[in-house]
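For reference, the chains in residue letters:
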Amino acid sequence: MKRVSFDTIADEYDETRELPEDAMNKVLDALCEEMPQGSSTLDIGSGTARFALRLSRRGFSVVGIDISEEMLGISGRKGFDRLVRADSSFLPFRDAAFDFALVVHVLHLLEDWVVTVAEIRRVLRDSLMSVVIENEAKWFGESYHDLLREHGYDKDHPGIGEKGLAERVKPRLVKGVASVTHHQTADRVMDRLDERCFSSQWEVPEELHRAVITEMREKYSGEEFENCYDVLVYVWDVGQLDELVTEAR
Ligand SMILES: C[S@@+](CC[C@H](N)C(=O)[O-])C[C@H]1O[C@@H](n2cnc3c(N)ncnc32)[C@H](O)[C@@H]1O
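Below: a short report on this structure.

Each value, and the rule that gives it
- Residues numbered from 1 in each chain as written.
- Predicted model: local features only at pLDDT ≥ 70, side-chain atom pairs only at ≥ 80, totals over all residues.
- Heavy atoms only, no water.
- Helix = DSSP H or I, 4+ residues; strand = E, 2+ residues; numbered from the N terminus.
- Buried < 20%, exposed > 50% of the residue type's maximum accessible area, 1.4 Å probe, protein only.
- Contact = heavy atoms within 4.5 Å.
- Salt bridge = Lys/Arg side-chain N within 4 Å of Asp/Glu carboxyl O.
- Near = heavy atom within 4 Å.
- Polar contact = N/O pair within 3.5 Å; in protein donor to acceptor, adjacent residues only side chain to side chain.
- Areas by Shrake-Rupley, 256 points an atom, 1.4 Å probe, with all protein chains shown as cover.
- Nonpolar A, V, L, I, M, F, W, Y, C, P; charged D, E, K, R; others polar.

Our next topic: the side chain of D112. Mapped onto the secondary structure, D112 falls in the loop between β4 (98-103) and α5 (113-123). Take D112: its relative accessible area is 12%, and that puts it in the buried class. Excluding residues within four positions of it along the chain, D112 makes contact with M1, R3 and S89.

And the structure:
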């Protein structure tokens, strides 16, 4: 199975994806409300330990798994080292090994996402949680994909994303935890797009990528805009995943 590698953008990951600290604290409060103190949690696709590190500091027994050596390396350097390098479609843990599981911004990357959900279900005792971003208005960076489509390129991520999972299996809890307004300059975002910091860009042919970036710079250079989004926490009881997993077998 083909895998999307984050190795090449590991160093830029936190800068481009980090939530403001007050929003992050509200997310952590909401996650912690669901988990009795000391619960064991598996963070699948833990990346740079954005969540794993902070949850472990709040007293949870967290293990992170990720396929990317570079992302795991950054986690380790931040001081979070309860890490396993593994593919989420084959979790190296016994059945019902963890009370909780967390999966954030991962399922869109996996063509065989249902195999990962089945594996999560297998190692889980209580609930699966996720953190989902909902943009109030289209984010400026989406213009890149609009222009790609105008050029006839319309490939998307291979998986369904955690929002897609929620459309298949309604979460037991959907909780809005923060609303963020983030001022950005178009040039800063275009620099990040130019460097292909986002996984949706990694398969775009270089010539097309250059053409779209040039068009964007001509159109938007010097502009500023607001990125407004809501942050939600989703929770599924473990049993809710059974139907989906059985259906997929
Ligand atoms: C967008 S990042 C999300 C990281 C983290 N969950 C967060 O929200 O900051 C996706 C992560 O999933 C990892 N990943 C992708 N495919 C994977 C797989 N098949 N098994 C394990 N990890 C995977 C990537 O290496 C990357 O670190």
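Once you've had a look at it, read on.
Summed over all chains, the structure comprises 24 salt bridges. A salt bridge links D154 to R149; its shortest N-O distance comes to 3.8 Å. Since its relative accessible area comes to 57%, D154 is described here as exposed. When its relative accessible area of 40% is taken as the criterion, R149 is described as partly exposed. Note that D191 and R217 form a salt bridge whose closest N and O atoms lie 2.9 Å from each other. Taken together, the residues span a long stretch of sequence, with D191 in helix α8 (residues 186-194) and R217 in helix α9 (residues 206-220) at a distance of 26 residues.

As a matter of local geometry, the ligand sits amid 21 residues, with G45, R50, D66, S88 and V104 nearest to it. In this structure, G45 approaches the ligand through a main-chain N or O atom, which is 2.7 Å from a nitrogen atom. In the complex, 99% of the free accessible area of the ligand, which totals 600 Å², lies under the protein chains. Residues that form the shell around the ligand fall into these classes: 11 nonpolar, 6 polar and 4 charged.

Note that all results are geometric; they support no functional claim without further evidence.
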